[in-house]
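A structural walkthrough
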Amino acid sequence: MSSGTYINIVQIIFFYIIFYAVLALLFGGCMFCFYTTIDEKEPKRQLSDSLIGENPGLSIRPLSSIENDLNFIYYNAKNESQTNMWIKKLNDFMEPYMVPAVGNNSIECSFYRRPIGNEICKINLTMFGDCSPKDLYGYRTASPCIFLKLNKIYGWEPITYLLPTDDMPPDLKSSITSLPQLNRTQIWVSCNGLTPQDRDFVKEFKYFPSGFPSYFFPYRNGDNYLSPLVAVKIVYPKANVIIGIECRAWAKNIRYRGGILERVGSIQFYFQRDYFNVPIQ
């Protein structure tokens, strides 16, 4: 190899070393500037400026493991393996709620004692009544339970209904008027059959508690925060039929639209509890 060729190779190698070093410095500088604008606790864009918006969605637990059937809960009441499957799903979901609250920022909240600053509210399993883990969420009875959960939106606060409205179902109106004024500051929930036939198949729902208490809001990404839940007991649904159910969240700043594809402020699911004898294998 001639000396001229050797010099050219060295120059090319040197050029690429400098080139990639400059690229690395530019990339590192950009990343440094980018991360200095990020707050680990607080998103830069919030509420209407964010991609998620300011209308929290409603979801249910448990969910089916079958693809495209996430909102279909089915089991044979006499098939222990099927009931155990749903109990396990809810135990897995509820696991963070079963662990004793850690940290000095966890407090017992009430409508008279709301969190301040970095404080977060403890969730006591007794608030779920007949739908608690110790009761196996009702799946060993004729009245099983589902859980409702609102999507977390940083900084969002509900504007609550202190008085019932004309479009609310009768049981919700009664629930609101039965409470003291201060205890009405919550996001109410109601469930009902999708069709008149579905409403004949299940006539009653019980809620533990009656809604999402306003003292859980706004969400500020506090340490050890757990989303509030509402347990819904499906009281004596008719066996051996598929029942369509819609649950809705009620607040003045939660828009509502029913339906499956473009629902807002609500969730639809299908439920079937069979009660046939399990065949001997």
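Residues numbered from 1 in each chain as written. Predicted model: local features only at pLDDT ≥ 70, side-chain atom pairs only at ≥ 80, totals over all residues. Heavy atoms only, no water.

1. Regarding the overall build of the chain
Along its length, the chain carries four helices and 11 strands. For the chain, with 281 residues in total, the buried portion stands at 40%. Sequence separation of at least 24 residues holds for 72% of the intrachain contacts in the chain that already meet a minimum separation of 6. Only carbon and sulfur atoms are counted for the fraction: they give 58% of the accessible area of the chain, which is about 16500 Å². (Helix = DSSP H or I, 4+ residues; strand = E, 2+ residues; numbered from the N terminus. Buried < 20%, exposed > 50% of the residue type's maximum accessible area, 1.4 Å probe, protein only. Contact = heavy atoms within 4.5 Å. Areas by Shrake-Rupley, 256 points an atom, 1.4 Å probe, with all protein chains shown as cover.)

2. Things to note about the environment of Leu 162
Structurally, the position occupied by Leu 162 is in the loop between β5 (145-150) and α3 (170-177). Assessed through its relative accessible area of 31%, Leu 162 is described here as partly exposed. Sequence separation between Leu 162 and Ile 176 is 14 residues, and the spatial gap between their C-alpha atoms is 7.3 Å. Those residues in contact with Leu 162 that sit more than four places away from it in its chain are Ile 176, Gln 181, Arg 184 and Thr 185.

3. With respect to the pattern of salt bridges
Under the counting rule described, the total for this entry stands at five salt bridges. A salt bridge links Lys 233 to Asp 130; the shortest N-O distance between them is 2.9 Å. A residue pair is termed long-range when its members are at least 10 positions apart, and Lys 233 in strand β9 (residues 229-235) and Asp 130 in the loop between β4 (120-121) and β5 qualify at 103 residues. Residue Lys 233 is classed as buried on the basis of its relative accessible area of 13%. Under the relative-accessibility criterion, Asp 130 is labelled partly exposed at 38%. The salt bridge partner of Asp 200 is Lys 203, with a shortest N-O separation of 3.6 Å. (Salt bridge = Lys/Arg side-chain N within 4 Å of Asp/Glu carboxyl O.)

4. Details of the side chain of Arg 184
Note on placement: Arg 184 falls in the loop between α3 and β6 (186-193). Here Arg 184 occupies a buried position and makes no salt bridge, while the nearest side chain of opposite charge, Asp 166, is found at 14 Å. Polar contacts involving the side chain of Arg 184 include one to the main-chain carbonyl oxygen of Thr 177, which spans 3.4 Å. (Lys, Arg positive; Asp, Glu negative; His and termini not counted. Polar contact = N/O pair within 3.5 Å; in protein donor to acceptor, adjacent residues only side chain to side chain.)

5. A few points about the sheet that holds β6
Reading across from one edge, β2-β11-β10-β6-β8 is the order of the five strands in this open sheet, with mixed pairing throughout. Looking along the sheet, the strands with just one partner apiece sit at the ends: β2 (72-76) and β8 (211-213). Neighbouring strand axes in the sheet, compared pairwise and without regard to direction, differ in orientation by 20° on average. Inspection of the sheet shows strand β10 (residues 243-250) paired to strand β11 (residues 266-274) by six bridges, in the antiparallel sense. By the bridge assignment, Ile 245 is partnered in β11 with Phe 269. (Pairing = 2+ DSSP bridges. Axes fitted to C-alpha atoms, helices over the stretch in contact; angles between N-to-C directions.)

6. Observations concerning the state of the cysteines
The final tally for this structure, using the stated rule, is three disulfides. Across the disulfide, Cys 131 is cross-linked to Cys 145 (sulfur-sulfur distance 2.1 Å). Between Cys 131 and Cys 145, the S-S dihedral sits near -75°, and the bridge is therefore left-handed. Of this pair, Cys 131 sits in the loop between β4 and β5 while Cys 145 sits in strand β5, and the two are 14 residues apart along the sequence. Here Cys 131 and Cys 145 have matching classes, each one buried. One disulfide bridge connects Cys 191 with Cys 247, the sulfur atoms lying 2.0 Å from each other. The sign of the S-S torsion, about 105°, decides the handedness of the disulfide formed by Cys 191 and Cys 247: right-handed. Of the two residues, Cys 191 is situated in strand β6 and Cys 247 in strand β10; the sequence distance between them amounts to 56 residues. The exposure class of Cys 247 is buried, given its relative accessible area of 0%. Numbered in order of appearance, the disulfide-bonded cysteines of the chain are paired 1-2, 3-4, 5-6. (Disulfide = S-S within 2.5 Å.)

7. What to know about empty space enclosed by the protein
It is a probe the size of a water molecule, rolled over the atoms, that shows where empty space is left. This model, assessed by the stated rule, comprises two cavities of 30 Å³ or more. Counted as a void, the largest cavity has a volume near 80 Å³. In terms of lining, the largest cavity is formed by Pro 56, Leu 150, Asn 151, Lys 152, Ile 153, Trp 156, Phe 217, Tyr 219, Tyr 225, Ser 227 and Pro 228. Counted by class, the lining of the largest cavity contains eight nonpolar, two polar and one charged residues. In this structure, the second largest cavity spans a volume of roughly 30 Å³. (1 Å grid on protein atoms, 1.4 Å probe; cavity = no way out; pocket = protein on both sides within 12 Å on 5 of 7 lines; lining within 4 Å. Points joined across faces, edges and corners; volume = space filled by probe spheres on them. Nonpolar A, V, L, I, M, F, W, Y, C, P; charged D, E, K, R; others polar.)

8. With respect to the nonpolar core
One finds Phe 147 and Leu 148 to be the most contacted residues of the largest nonpolar core, which totals 53 residues. Among all residues touching Leu 148, those that are not within four sequence positions of it are Leu 58, Ser 59, Ile 60, Val 189, Cys 191, Phe 212, Pro 228, Leu 229, Val 230, Val 232, Cys 247 and Ile 267. (Core = buried A, V, L, I, M, F, W, Y, C linked by side-chain atoms within 4.5 Å.)

9. Focus on the packing of aromatic side chains
Under the definition given, this model contains 11 aromatic pairs. Here Tyr 75 and Tyr 139 contribute two aromatic rings whose centre-to-centre distance is 5.3 Å and whose plane-to-plane angle is 50°, an arrangement assigned as tilted. With Tyr 75 in strand β2 and Tyr 139 in the loop between β4 and β5, this pair connects stretches of sequence that are 64 residues apart. For the residue pair Tyr 75 and Tyr 139, the accessibility class agrees, reading buried in each case. Among the aromatic residues, those joined into a ring-pair cluster are Tyr 75, Tyr 139 and Phe 271. The ring of Trp 250 carries the charged tip of Arg 248 above its face, separated from the ring centre by 3.5 Å. (Phe/Tyr/Trp six-rings, centres within 6.5 Å; stacked < 30°, edge-to-face > 60°. Lys NZ or Arg CZ within 6 Å of the ring centre and 35° of its normal.)

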